[in-house]
Amino acid sequence: MASVLFKHIYKRYPGGVTAVSDFCLEVKDKEFIVLVGPSGCGKSTTLRMIAGLEEITDGELFIESKRVNDVAPKDRDIAMVFQNYALYPHMTVFENMAFGLKLRKVRKDEIKRRVEEAAKILDISHLLDRRPKALSGGQKQRVALGRAIVREPKVFLLDEPLSNLDAKLRASMRSELTKLHQRLKTTFIYVTHDQVEAMTMATRIVVMKDGLIQQVDTPQNLYDLPCNMFVAGFIGTPQMNFVEGKLTQAKGESDVWFEFAEGKARFKIPKDKAEEDALKPYIGKEVVIGIRPELLNDNPEIVAANPDASIDVYIEFTELMGAETYLYMDVAKTGEDDLDDAVTLIARVSSRTKTKAGDKIKVSIDTDHIHIFDKETEQCIIH
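(A) Up close: the overall build of the chain. The helix and strand inventory of the chain stands at ten helices and 21 strands. For the chain, the C-alpha atoms occupy an extent of roughly 80 × 45 × 35 Å along the three principal directions. The proportion of buried residues among the 383 residues of the chain is 50%. Of the contacts made within the chain by residues no fewer than 6 positions apart, 66% connect residues no fewer than 24 positions apart. In the form shown here, the chain has an accessible surface area of approximately 18,600 Å², with 48% of it arising from carbon and sulfur atoms. Across the chain, the 54 positively charged side chains and the 59 negatively charged ones have centroids separated by 10 Å.

(B) Here's a closer look at the packing of aromatic side chains. Counted according to the given criterion, the structure contains eleven aromatic pairs. Between Phe 242 and Phe 373, the aromatic rings sit 5.9 Å apart at their centres with planes inclined by 70°, giving edge-to-face as the arrangement. Residue Phe 242 is found in strand 11 (residues 241-248), and its partner Phe 373 is found in strand 20 (residues 371-374); the two are separated by 131 residues along the sequence. Ring-pair connections join several aromatic residues into one group, and the members of that group are Phe 32, Phe 156, Phe 188 and Tyr 190. Positioned above the aromatic ring of Trp 257, the side-chain terminus of Arg 266 is 3.7 Å from the ring centre.

(C) Region of the structure containing the sheet that holds strand 1 (residues 4-13). With antiparallel pairing, the four strands of this open sheet are ordered in space as 2-1-4-5. Looking along the sheet, the strands with just one partner apiece sit at the ends: strand 2 (17-27) and strand 5 (66-67). Pairing between strand 4 (residues 58-63) and strand 5: two bridges, direction antiparallel. Bridge pairing in strand 5 links Phe 62 to Arg 67. Seen against the sheet, helix 1 (residues 43-51) touches strand 1, strand 2 and strand 4 and runs at an angle of roughly 115° to strand 1.

(D) How the structure looks around the sheet that holds strand 9 (residues 204-209). If you trace the six strands from one edge of the open sheet to the other, you get 6-7-8-3-9-10, paired in mixed fashion. Each end of this open sheet is capped by a strand with a single partner; those strands are strand 6 (78-81) and strand 10 (212-217). Geometrically, the sheet is characterised by an average inter-axis angle of 15° between neighbouring strands, direction not taken into account. The pairing of strand 7 (residues 155-159) with strand 8 (residues 187-192) spans five bridges and is parallel. Across the sheet, residue Val 155 finds its bridge partner in strand 8, namely Thr 187. Contacting strand 3 (32-36), strand 7 and strand 8, helix 5 (residues 167-184) runs over the sheet at an angle of about 160° to strand 8.

(E) Geometry of the layout of surface pockets. Of the volumes computed, that of the largest pocket is approximately 500 Å³. Lining of the largest pocket is provided by 20 residues; of these, Met 80, Phe 82, Arg 104, Arg 147 and Arg 151 occupy positions nearest its centre. Looking at the lining of the largest pocket, the elements with two or more residues in it are strand 6, helix 2 (93-103) and helix 4 (137-149). Broken down by element, the lining of the largest pocket gets its largest block of residues, four residues, from helix 2. The residue makeup of the lining of the largest pocket, split by class, is 15 nonpolar, one polar and four charged.

(F) Representation of the environment of Ala 86. On the secondary structure map, Ala 86 appears in the loop between strand 6 and helix 2. It is 19 Å that separates the C-alpha atoms of Ala 86 and Val 155, two residues lying 69 residues apart in sequence.

(G) Structural view of the nonpolar core. The biggest cluster of nonpolar side chains holds 47 residues, and the ones touching the most others in it are Met 97, Leu 145, Leu 158, Leu 177, Leu 180 and Tyr 190. Among the nonpolar cores identified, the runner-up in size contains 34 residues, and Phe 260, Ala 332, Val 363 and Ile 372 belong to it.

Reading the values: the criteria
Residues numbered from 1 in each chain as written. Predicted model: local features only at pLDDT ≥ 70, side-chain atom pairs only at ≥ 80, totals over all residues. Heavy atoms only, no water. Helix = DSSP H or I, 4+ residues; strand = E, 2+ residues; numbered from the N terminus. Buried < 20%, exposed > 50% of the residue type's maximum accessible area, 1.4 Å probe, protein only. Contact = heavy atoms within 4.5 Å. Areas by Shrake-Rupley, 256 points an atom, 1.4 Å probe, with all protein chains shown as cover. Lys, Arg positive; Asp, Glu negative; His and termini not counted. Charge placed at Lys NZ, Arg CZ, Asp CG, Glu CD. Phe/Tyr/Trp six-rings, centres within 6.5 Å; stacked < 30°, edge-to-face > 60°. Lys NZ or Arg CZ within 6 Å of the ring centre and 35° of its normal. Pairing = 2+ DSSP bridges. Axes fitted to C-alpha atoms, helices over the stretch in contact; angles between N-to-C directions. 1 Å grid on protein atoms, 1.4 Å probe; cavity = no way out; pocket = protein on both sides within 12 Å on 5 of 7 lines; lining within 4 Å. Points joined across faces, edges and corners; volume = space filled by probe spheres on them. Nonpolar A, V, L, I, M, F, W, Y, C, P; charged D, E, K, R; others polar. Core = buried A, V, L, I, M, F, W, Y, C linked by side-chain atoms within 4.5 Å.

Right, here's the structure in full:
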């Protein structure tokens, strides 16, 4: 098993394009690290630099304390699983899984043992005589994983391995990969643009944007304590609501309010947040407040109990998701033709809600868990 250490890694292409900038990270032994971010953020390029498929422009890469910048891919003791499976169509499943071992001149009996053991782990023992064209997408993905497992590498690299599968199979394979990691006790570095995959499988998540690391933390900490608006908006479904407005405080009073929607709506900032030193310079200034959809509640009893944290909204439409309902609403809008530029919010409420499109209601905000961001830098001021 192995740790992976990135020391100020850069990847520049001819023409001045920088794909990865100052990438610093220590992946601990047996961790399941997920690199996540939008297309073009540099996550796959980073993975390919670990594999040796892309040259490192600057910086140093260590696998198990050994500098591998100039080590050939075949000598790095890593195994990579690609998005498109990359199986040989003329070979059986057994031959596909055994191919890399044959190239390394591993003994036949050892090859047979490793392939059969990997096939048992992945529940594909009954497929060993089939060719890829006779396999489903999920089965092909298992074969690709099996081909990596038989090499018994120190590090597994997985580049969006589930993106070609349907939604149901993706969900199933997520749990399979988590169980596989726990069973093999090996270091996994996984690339995806799907934040659900990242949240459900990772020990830690690396959020990337434009070749730069934005934040590295556990899934729960990323959700609860995002360092900036990009991370806050990228992690979580539906996306966090961002509302621009102004922090106000009446002369001689201690209460701090957030006013928005052209002054037509406001709610009180909790006392503990209002008294934080980090927030005081922003009183009287424009900020952005982040509100997770589940922090908005249409329950009349909760609204009545929180008058200082309730706002008037107009329900544009609703989406029933089964166990929950999404409410799409405009703040301070009282009718279909009023205030076209109203602030739009999404709430995630109980599926038993009586709220429907066209309703004018009040919703309560759980202000204890809002996030306040600097409007210019987009960095989080307080959680």
